[in-house]
Amino acid sequence: MISKTYNPKEIEDKWYQYWTDNKYFKSTPNPDKEPYCIVIPPPNVTGVLHMGHMLNNTIQDVLTRKARMEGKEALWVPGTDHASIATEAKVVAMLKEKGINKSDLTREEFLKYCWEWTEKYGGIILQQLRKLGASCDWDRTRFTMEPNLYDAVIEVFVDLYNKGEIYRGYRMVNWDPQAKTTVSDEEVIMKDIQQKLVYIRYDGDEGSVTIATVRPETIMADSAICVNPADERYQDLIGKKVRIPLINREVKIIADEYVTVDFGTGALKVTPAHDQNDYTLGQKHGLAVIDILTDDGKLNEKAQILVGEDRFVARKKIIKMLEESGNLVKVEDYKSNVGTSERTGAVIEPKVSLQWFMKMKDLSEPALKNVMDDTIQFIPPKFKNTYKYWMENVRDWCISRQLWWGHRIPAFYMPDGTCIVAANKKEALKIARNKYQLFALSEHDLTQDEDVLDTWFSSWLWPMSVFDAFKNPDNEDIKYYYPTNDLVTAPEILFFWVARMIIAGYEYRGNYPFKNVYLTGIVRDKQGRKMSKQLGNSPDPLDLIAQYGADSVRTGMLFSSPAGNDLLYDEKLIEQGRNFNNKIWNAFRLVEGWEVSETIGQNPASAKAVLWFQSKFNKVLAETLDHYNKFRMSDALMSTYTLIWDDFCSQYLEMIKPAYVDGKSLPIDKQTYEATLEIFDALMRLAHPWMPFITEEIWQNIKTRKANDSICIAPFPTVGAIDEEILGDFEILSEIVSNVRNTRNAKQISPKEALPLAIKATNKARYEALAGLIQKLANISAIQYVDDKAEGISFVIKGDEFMIDLGSNVDVETEKANLTKELDYTSGFKKSTEAKLSNERFVQNAKPEIIEKERQKLADAEAKIKALEEALAKLG
RNA sequence: GGGAGUUUAGCUCAGCUGGUUCAGAGCAUCUGCCUUACAAGCAGAGGGCCGGGGGUUCGAAUCCCUCAACUCCCA
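Residues numbered from 1 in each chain as written. Chains lettered and ligands numbered in written order. Predicted model: local features only at pLDDT ≥ 70, side-chain atom pairs only at ≥ 80, totals over all residues. Heavy atoms only, no water.

Chain A is annotated in an unreviewed UniProt entry as Valine--tRNA ligase of Emticicia agri. We quote the UniProt Function (unreviewed entry) comment for chain A here in full: "Catalyzes the attachment of valine to tRNA(Val). As ValRS can inadvertently accommodate and process structurally similar amino acids such as threonine, to avoid such errors, it has a 'posttransfer' editing activity that hydrolyzes mischarged Thr-tRNA(Val) in a tRNA-dependent manner." Here is the UniProt Sequence similarities (unreviewed entry) comment for chain A, exactly as written: "Belongs to the class-I aminoacyl-tRNA synthetase family. ValS type 1 subfamily." (UniProt positions renumbered as here; feature names shortened; annotations may be inferred.)

Here's what the structure looks like:
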């Protein structure tokens, strides 16, 4: 006999190996089948599996496995992302530990280290996904820096440049002084920070003005003071000059409606080099841009004072200096939002610099339209709102990064600085010669741009580039699998990634990259905190899998994961998953252990039970499919969970379980046994997408399978006939059984003690058909049909009365009280129904089926009241 | 400051276009059981003025208004 508790460790590796050996996850275009495709959101090459990945990838696997079983040509493409800034930061840190500075290395040397790092750690996360049971086609594993994908990025850059969609220009960007690179708007995290609002007086020959700023260290970069033209306080000063304290440079006082009259003093220092809004204001008024900061956030010689000091040190020091010079008016506490780098945490420095940009306005139009009209469906749809807002207010995308690890910008500069964009130096040289007639020019005269492209500039092509759609636009793969079906990802990267993939999809394939976008929530701990390494509140997924098994973790994660809503992780959920596995395991042990008799005939009760369960199965299956179609993953899982646990284990198996005589199970008839195995088979196929390992193990044990067969490729169940009558009968059966059990419980009678049941029914035949099952499930010694009264405790179902004779065990007063209570409730209910039906406006306005329903309720209530009154009368 | 979302049992959540035998599920709690597949189990039970207030309606958890709290996005 197999072990009493399910031990996932023993089987998981075995089956995964079996699946991959047999290439069940491999997919190639097959015109006879409908394609189903998901591309994985490529995890960082340096990353390790965390709980968010577990959730996300389990959902993708469930969808893929189900599609595969449904006979679709299912493909889940795996891969990793080079993660420019994150990886480079890690490699820099690793080198630093070895005592090597990045600045001491050539670009080529540094990249060699990056590739080494990638080879060493790049595969880890994909290996971890295998532990989870992920059914990816591993032969198709892609990496955003591999040659074909690299070339695709370069090709797209050149193409968009030639179309005029990419340009180079001075713009204010978010500068990360620690990583010494720009970061995109989306990579800036705003934080509320307690600051000091410093009031500084600027003196002039014709008056003085006081401004308020949180950045006093930038006064040396001021180009003007600005006031609102309507502000009466400053009318006289407009056009006059004042001197910047400490350095005594003169700046003009200008007027612009941009300035808020009631903020601070109503006078604003304008520092175009170090503030986005000031930059815009400066452009409007033709002000000088004076950059006083170095790339790593220190004051440079243009500041004249505090040169070489860090910006924050300088801030403190200058307040003291202003105090000494007498220009400090006052200092107030002030809370404001400060941008910080998502990668390094450093406070972002707005900085004017020469960068590459992509125009977003025109390109994003189809991407907006097709989401808003549900051509691409967001699940849940509430994310359409944020998407719309972002797309309508989209700004040009700064795509250059001052890093080495990534796709190097294919721009080449001639000695005079002229820029040529081409796929490579050779092409660039050709252009130089043709366009500029510089035939003497050689490759040596061209220098390539030092910067690389934003990581998202490669991942936005992912659904196409994994199929080599750029190198070979008409290949079979891209024609067959694109557009893909579902994308499963986190809302956090809706703009970073999803929106841009949609843009790229329309630009390069004229079609959406995926039909549905399922947005998962964030995995949080019980206190609602986001799981993170820093907090140490995230369990290691591999430990969990080792402890509970992959199927338990998968189901545990999905028990409570509404789309787009955060998931509050609790290990209890994983435990519940494990218990479910164990339940299935033991159900199989029970069935497997039965002795089968070829000779005994099928018990009518068992025959009925089989019919019932088949209907029940189909009904629940239909509901489950509906949940799947609506991407209600938790609900779909819960339907399967209760079908297996409650309906199959608690009900069905108890119904057909052979009797026990003398501590030994009697044999089961062959017919029921075979039917049960069929049911078990179907249940395993239904559950397989959720729990691939245990279902494979059991499925393989249900009967001898063909060589190289697997549940992975077995057909997913389809909805068959549903007999509502038998479902209704079994509802009543279960009510009777639980009433008897309740009575037992209340009277402290052992479930082992068989009791007699008397039924006073209008439709005797209905109960006769169920008699065997009633006796078995409720442990009834004998059923007697009566026309009138019978002794014992009674309960009423649908106007029929049931009586259990407990002999002297009955406390008449308690019984009376119970029956009276129920009678009161039913009478009250009847009254409200009558009131409704006698309300003319109700009868006039309500839909006919609603009224019919009310009539039925009334009739049921009346029958019940009658039966209850009779029961009470009997008690005297 | 602008926008979106959430608020239903102790917890996490379902409740579609209004119909009340719909206030539901899972978990947790409580009671009784080592019943011979499973104590990772079995059989039961309790628990909620559906955030507050107002309105529309014959009828509202479900629609409208308003207030409050929380969350997220953007500035």
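1. Focus on the UniProt feature "short sequence motif: 'HIGH' region" (unreviewed entry) in chain A
Taking the UniProt record as the reference, the feature "short sequence motif: 'HIGH' region" (unreviewed entry) is found at residues 43–53. Secondary structure content for residues 43–53 is 27% helix and 0% strand, and the end C-alpha separation is 8 Å. (Helix = DSSP H or I, 4+ residues; strand = E, 2+ residues; numbered from the N terminus.)

2. Regarding unusual backbone geometry
Cis rather than trans, the peptide bond between Ile 379 and Pro 380 has omega equal to 0°. Along the chain, Pro 380 turns up in the loop between strand S15 (377–379) and helix H10 (383–392). Residues Tyr 482 and Pro 483 are joined by a peptide bond in cis, for which omega reads -5°. Positionally, Pro 483 belongs in the loop between helix H14 (476–481) and strand S22 (484–489).

3. What about the pairing of strand S7 (residues 188–202)?
Side chains on a regular strand alternate between the two faces of the sheet. In the sheet, S7 pairs with strand S13 (residues 328–341) via 13 bridges, with the strands oriented antiparallel. Bridge pairing links Met 190 to Gly 339 in S13. Across five bridges, the pairing between S7 and strand S8 (residues 209–213) is antiparallel. Paired with Tyr 202 across the strands is Val 209, a residue of S8. Where S7 folds back onto S8 in an antiparallel hairpin, the turn is made up of six residues, including Gly 207, whose phi is positive at roughly 130°. (Pairing = 2+ DSSP bridges.)

4. Considering the domain arrangement of chain A
Partitioning chain A into domains gives domain 1 (181–350), domain 2 (560–722) and domain 3 (726–875). Relative placement of domain 1 and domain 3: their C-alpha centres are 82 Å apart. (Domains from an automatic or database assignment.)

5. Comments concerning helix H19 (residues 604–629)
Between its first and last C-alpha atoms H19 spans 38 Å; for 26 residues at 1.5 Å apiece the expected length is 38 Å, and the two agree. Residue Asn 603 occupies the N-cap position of H19, its side-chain oxygen lying 2.8 Å from the main-chain nitrogen of Ala 605. (Expected span 1.5 Å × (residues − 1). Polar contact = N/O pair within 3.5 Å; in protein donor to acceptor, adjacent residues only side chain to side chain.)

6. Comments concerning the protein's contact with RNA strand B
Taken together, 46 residues surround RNA strand B, and among them Asn 337, Ser 560, Asn 586, Tyr 660 and Phe 829 come closest. Sugar and phosphate atoms constitute 64% of the interface atoms of RNA strand B, taking the interface as everything within 4 Å of the protein. Within the side chain of Arg 395, an N or O atom sits 3.4 Å from a phosphate oxygen of RNA strand B. Between a phosphate oxygen of RNA strand B and a side-chain N or O atom of Tyr 641, the distance comes to 3.4 Å. Of all the elements in the fold, those that place two or more residues in the surface near RNA strand B are H10, helix H18 (571–593), helix H20 (633–656), helix H23 (724–747), helix H26 (840–845) and helix H27 (848–875). Take the surface near RNA strand B: its biggest share by element is nine residues, from H18. Classifying every residue of the surface near RNA strand B gives 16 nonpolar, 15 polar and 15 charged. (Near = heavy atom within 4 Å. Nonpolar A, V, L, I, M, F, W, Y, C, P; charged D, E, K, R; others polar.)

7. Quick look at the packing of aromatic side chains
Inspection of every chain in the model, using the stated rule, returns 40 aromatic pairs. Residues Phe 559 and Tyr 641 carry aromatic rings whose centres are separated by 5.2 Å and whose planes lie at 80° to one another, so their mutual orientation is edge-to-face. Note that Phe 559 is positioned in helix H17 (residues 550–559) and Tyr 641 in helix H20, a separation of 82 residues in sequence. Both residues of the pair, Phe 559 and Tyr 641, belong to the buried class. On the basis of an interplanar angle of 85° and a centroid distance of 5.5 Å, the ring pair of Phe 588 and Phe 680 is categorised as edge-to-face. Of the two residues, Phe 588 is situated in helix H18 and Phe 680 in helix H21 (residues 670–687); the sequence distance between them amounts to 92 residues. For the residue pair Phe 588 and Phe 680, the accessibility class agrees, reading buried in each case. Through a chain of ring-to-ring contacts, three or more aromatic side chains come together here, namely Phe 588, Trp 612, Phe 613, Phe 648, Tyr 652, Phe 680 and Phe 730. Positioned above the aromatic ring of Trp 19, the side-chain terminus of Arg 65 is 4.5 Å from the ring centre. Its end group placed over the ring of Trp 138, Arg 130 keeps NZ or CZ at 3.9 Å from the ring centre. (Phe/Tyr/Trp six-rings, centres within 6.5 Å; stacked < 30°, edge-to-face > 60°. Buried < 20%, exposed > 50% of the residue type's maximum accessible area, 1.4 Å probe, protein only. Lys NZ or Arg CZ within 6 Å of the ring centre and 35° of its normal.)

8. Digging into the side chain of Gln 355
Tracing the chain through its elements places Gln 355 in strand S14 (residues 349–358). Within polar-contact distance, the side chain of Gln 355 engages the side chain of Ser 400 at 2.6 Å. Filtering out sequence-adjacent residues up to four positions away, Gln 355 remains in contact with Tyr 167, Arg 168, Gly 169, Val 173, Thr 182, Cys 398, Ser 400, Gln 402 and Asp 451. (Contact = heavy atoms within 4.5 Å.)

9. Side note on the pattern of salt bridges
According to the stated counting rule, one finds 49 salt bridges in the structure shown. In this structure, Asp 296 engages Lys 298 in a salt bridge whose closest nitrogen and oxygen atoms are separated by 3.5 Å. For Glu 349, the salt bridge goes to Arg 311, with nearest N and O atoms at 2.8 Å. Separated by 38 residues along the polypeptide, Glu 349 in strand S14 and Arg 311 in helix H8 (residues 311–325) bring together distant segments of the chain. Here Glu 349 and Arg 311 have matching classes, each one buried. (Salt bridge = Lys/Arg side-chain N within 4 Å of Asp/Glu carboxyl O.)

10. A look at the packing of helix H9 (residues 365–372) against helix H15 (residues 494–509)
Closest axis-to-axis distance for the H9/H15 pair is 8 Å, and the angle between their directions is 110°. In terms of their interaxial angle, H9 and H15 are classed as roughly perpendicular. Packed against H9, whose contacting residues are Pro 366, Ala 367, Asn 370 and Val 371, the element H15 presents Ala 499, Ile 502, Ile 503 and Tyr 506 at the interface. Taken together, the residues of the contact of H9 with H15 sort by class into seven nonpolar, one polar and no charged. (Axes fitted to C-alpha atoms, helices over the stretch in contact; angles between N-to-C directions. Parallel < 35°, antiparallel > 145°, perpendicular 65-115°, else oblique.)

11. A look at empty space enclosed by the protein
Remark: the empty space left among the atoms is shown by a probe the size of a water molecule rolled over them. According to the stated counting rule, one finds one cavity of 30 Å³ or more in the structure shown. The wall of the largest cavity is formed by Trp 175, Pro 177, His 274, Asp 291, Leu 293, Thr 294, Asp 295, Gly 297, Glu 349, Pro 350 and Lys 351. If one sorts the elements of the lining of the largest cavity by residue count, S14 sits on top with three residues. Tallied by class, residues from the lining of the largest cavity come to four nonpolar, three polar and four charged. (1 Å grid on protein atoms, 1.4 Å probe; cavity = no way out; pocket = protein on both sides within 12 Å on 5 of 7 lines; lining within 4 Å. Points joined across faces, edges and corners; volume = space filled by probe spheres on them.)

12. Comments concerning the environment of Arg 401
Within the secondary structure layout, Arg 401 lies in strand S17 (residues 400–401). Relative accessible area serves as the criterion here: at 3%, Arg 401 is assigned to the buried category. Considered as a pair, Arg 401 and Asp 451 are 50 residues apart in the sequence and their alpha carbons are 5.6 Å apart. When near neighbours in sequence (up to four residues on either side) are disregarded, Arg 401 contacts Thr 181, Thr 182, Val 183, Ser 184, Glu 187, Asp 451, Val 452, Leu 453 and Asp 454.

13. So, helix H22 (residues 692–702)
Counting buried positions along H22 yields ten of eleven residues, so the element is predominantly enclosed. Buried within H22 are the following residues: Pro 692, Phe 693, Ile 694, Thr 695, Glu 696, Glu 697, Ile 698, Trp 699, Gln 700 and Ile 702. The inward-facing, buried residues of H22 contact helix H1 (9–21), helix H2 (51–69), helix H5 (124–132), H17, H18 and H21.

14. Structural notes on the confidence of the model for chain A
Scored by pLDDT, chain A comes out at a mean of 89, with 98% of its residues at no less than 70. Of the two predicted TM-score estimates for the complex, the pTM is 0.89 and the ipTM is 0.92. (pLDDT = per-residue confidence, 0-100.)

15. Observations regarding the sheet that holds strand S30 (residues 755–760)
Strands belonging to one sheet form pairs held by backbone hydrogen bonds; the direction of such a pair is parallel or antiparallel. Read across the sheet, four strands follow the order S31-S30-S33-S32 without closing on themselves; strand pairing throughout is mixed. At either margin of the open sheet sits one strand with a lone partner, and together these are strand S31 (780–785) and strand S32 (793–797). Averaged over all neighbouring strand pairs, the angle between strand axes comes to 25°, with direction disregarded. Pairing analysis gives four bridges linking S30 to strand S33 (residues 800–804), with the strands arranged antiparallel. By the bridge assignment for S33, Ala 758 is matched with Met 803. Running over the sheet, H23 touches S30, S31, S32 and S33 and is turned about 150° from S32.

16. Thoughts on the pairing of strand S2 (residues 73–77)
With five of its five residues buried, S2 lies for the most part within the structure. Neither face of S2 is left uncovered, since the one carrying Glu 73, Leu 75 and Val 77 and the one carrying Ala 74 and Trp 76 both have all their residues buried. Of the strand pairs in this sheet, strand S1 (residues 35–39) and S2 are connected by five bridges, and their pairing is parallel. When the sheet's bridge partners are listed, Val 39 is paired in S2 with Val 77. Taken together, S1, H2 and S2 constitute a β-α-β crossover, and its handedness is right-handed. (Right-handed = clockwise from strand over helix to strand, strands pointing away.)

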